[in-house]
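One letter stands for each residue in the lines below.
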There are 2 protein chains.
Amino acid sequence: MIPTLDVACADVASRSERANEILRVASRLFFEKDYNSVGIRTIANSAGVRGATLYHHFRSKEEMLYRIILEVTRDYIRDHLPILDAPSSFAQRLKELVRQHVEYFWAHRYGMSVGLRELHNLTPEHLAEVQFYRLVYQRRIQEFIAAGAHFGEFSCFDPDLVGIALLDMMNGVNDWFKPAGRLHIAEIAQLYGELVLRTVGTR
Amino acid sequence: MIPTLDVACADVASRSERANEILRVASRLFFEKDYNSVGIRTIANSAGVRGATLYHHFRSKEEMLYRIILEVTRDYIRDHLPILDAPSSFAQRLKELVRQHVEYFWAHRYGMSVGLRELHNLTPEHLAEVQFYRLVYQRRIQEFIAAGAHFGEFSCFDPDLVGIALLDMMNGVNDWFKPAGRLHIAEIAQLYGELVLRTVGTR
DNA sequence: GTCTATAGGGGGATAGAC
DNA sequence: GTCTATCCCCCTATAGAC
């Protein structure tokens with residue numbers, strides 16, 4: 001069954017507080033090492049329980065990864081893609097999306113980075129579901145860029161390629177950003193918005 | 001001891017053909033799964049030997065990863081950074097670097113992608129050495145962009161940020177490029193060159 | 001230089017008591 | 001819902017024969 005963005009997303013609410021705590025702990029551990037370097041016992045200890053307890057809340061370790069990645073990916077898209085439908089110029093809307101993308105990805109970096117790096121550790125079915133959401137986001141951005149070019153606000157030679165390039169730029173920030181650096185994450189988000197406008201050829 | 005780019009790089013030549021074959025096999029396996037998902041026995045079997053044989057050629061599994069990442073990183077930089085010293089315009093030189101970066105990274109995708117993804121599985125000492133080379137490349141690009149802006153060919157508001165954004169764009173290609181797609185890698189490399197010139201604000 | 005055999009530990013997951 | 005105990009498998013790495 002193909003999922004849609006309209007589906008109600010009550011996963012977090014319908015789960016026990018313990019289960020949510022386990023996922024919070026796990027996503028942080030997966031972020032700091034990687035999925036295959038973090039054992040069941042490590043996750044359990046960090047959550048203050050024994051290994052066997054995890055299997056009361058989740059079917060497998062992979063299901064934890066799946067929940068982490070699915071929810072962070074789906075929720076981000078559901079809450080942020082509507083920016084592109086706002087009643088302002090193409091440039092304003094794109095710049096705002098970039099700004100929010102960079103800021104949100106950093107604020108939710110444990111789940112978001114895991115969702116970028118560990119996709120290959122999902123089962124084929126789970127991977128397909130996550131990729132569906134990712135593709136919705138990517139295609140919408142590409143269409144938006146193409147539309148902006150069509151209406152003369154952008155001058156893009158290849159909207160699909162530009163869209164993917166922008167995504168890689170934005171997604172990369174979490175890998176190098178350090179809070180102690182020269183710029184605050186909000187400043188980087190702002191500057192990336194301006195950079196993206198150059199890239200799409202704003203007039 | 002701080003390594004330099006001037007050091008002679010005879011690693012591959014000084015190693016037995018068997019050892020090089022093991023590294024070729026290992027980098028491909030690390031690329032397809034990930035470092036921690038590929039066991040010693042899998043590497044050995046794929047190379048046509050038993051697990052214990054690997055320890056005649058390398059001290060540890062991590063040393064294999066280190067050799068793969070170090071050599072591919074160092075050799076790329078040594079061979080391609082001189083492009084920026086060519087006697088042409090800033091725009092021409094930058095575009096050519098981008099083109100070669102994208103093409104080379106795809107051609108050497110096993111080692112290159114492993115070198116981007118698996119850095120955290122290196123020992124602190126090995127990581128520091130690899131990061132030295134990566135930083136040489138990044139800083140040179142940032143300086144080059146700043147110089148291009150200084151001499152009026154580019155109009156960059158923040159050369160350091162732009163440099164890192166370009167690197168993320170270029171490094172991302174291997175993660176989504178499919179040879180069966182609409183564009184050949186050489187076309188993408190070409191288009192990325194033009195895209196980058198927009199990003200740095202070529203007049 | 002490659003092998004067999006194995007050490008020593010940790011992996012994910014389950015059974016069944018409480 | 002959490003625990004203890006445990007299963008079976010695979011991990012990296014080493015010893016020592018050939």
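Scope of this entry: the structure provided in the associated data block.

Here we look at the protein's contact with DNA strand C
The immediate surroundings of DNA strand C are formed by 15 residues, with Ile40, Tyr55 and Lys61 of chain A together with Arg50 and Thr53 of chain B found nearest. A breakdown of the atoms of DNA strand C within 4 Å of the protein gives sugar and phosphate a share of 60%. Here a phosphate oxygen of DNA strand C and a side-chain polar atom of Thr53 of chain B are 2.7 Å apart. One of the side-chain nitrogen or oxygen atoms of His56 of chain B is found 3.3 Å away from a phosphate oxygen of DNA strand C. At the level of elements, helix H3 (40-47) and helix H4 (51-57) of chain A together with helix H4 (51-57) of chain B are the ones that each hand at least two residues to the surface near DNA strand C.

Some points on the protein's contact with DNA strand D
Around DNA strand D, the structure places 15 residues, and the nearest of them are Arg18 and Arg50 of chain A together with Ile40, Arg41 and Lys61 of chain B. For DNA strand D, the backbone portion of the atoms within 4 Å of the protein, that is sugar and phosphate, comes to 57%. At 2.5 Å from a phosphate oxygen of DNA strand D is found a main-chain nitrogen or oxygen belonging to Ile40 of chain B. Contributing elements (two or more residues each) for the surface near DNA strand D: H4 of chain A together with helix H3 (40-47) and H4 of chain B. In terms of residues, the surface near DNA strand D owes the most to one element, H4 of chain A, which gives four residues.

A few points about the nonpolar core
Tyr192 of chain A together with Tyr192 of chain B are the most contacted members of the largest nonpolar core, which has 140 residues in total. When near neighbours in sequence (up to four residues on either side) are disregarded, Tyr192 of chain B contacts Leu161, Ile164 and Ala165 of chain A together with Val98, Val102, Met169, Met170, Val173 and Trp176 of chain B.

Some points on the packing of helix H9 (residues 159-176) of chain A against helix H10 (residues 185-199) of chain A
Residue and element names in this part refer to chain A. Axis separation between H9 and H10 bottoms out at 11 Å; the angle between their running directions is 160°. Between H9 and H10, the angle is such that the two are roughly antiparallel. Remark: the crossing between H9 and H10 carries right-handed chirality. Across the interface between the two elements, Val162, Leu166, Met169, Met170, Val173 and Trp176 from H9 touch Ile185, Ile188, Tyr192, Leu195, Val196 and Thr199 from H10. Partitioning the contact of H9 with H10 into residue classes produces eleven nonpolar, one polar and no charged.

Cut-off values and rules
- Residues numbered from 1 in each chain as written.
- Chains lettered and ligands numbered in written order.
- Predicted model: local features only at pLDDT ≥ 70, side-chain atom pairs only at ≥ 80, totals over all residues.
- Heavy atoms only, no water.
- Near = heavy atom within 4 Å.
- Polar contact = N/O pair within 3.5 Å; in protein donor to acceptor, adjacent residues only side chain to side chain.
- Helix = DSSP H or I, 4+ residues; strand = E, 2+ residues; numbered from the N terminus.
- Core = buried A, V, L, I, M, F, W, Y, C linked by side-chain atoms within 4.5 Å.
- Buried < 20%, exposed > 50% of the residue type's maximum accessible area, 1.4 Å probe, protein only.
- Contact = heavy atoms within 4.5 Å.
- Axes fitted to C-alpha atoms, helices over the stretch in contact; angles between N-to-C directions.
- Parallel < 35°, antiparallel > 145°, perpendicular 65-115°, else oblique.
- Left-handed = near helix turned anticlockwise from the far one by under 90°.
- Nonpolar A, V, L, I, M, F, W, Y, C, P; charged D, E, K, R; others polar.

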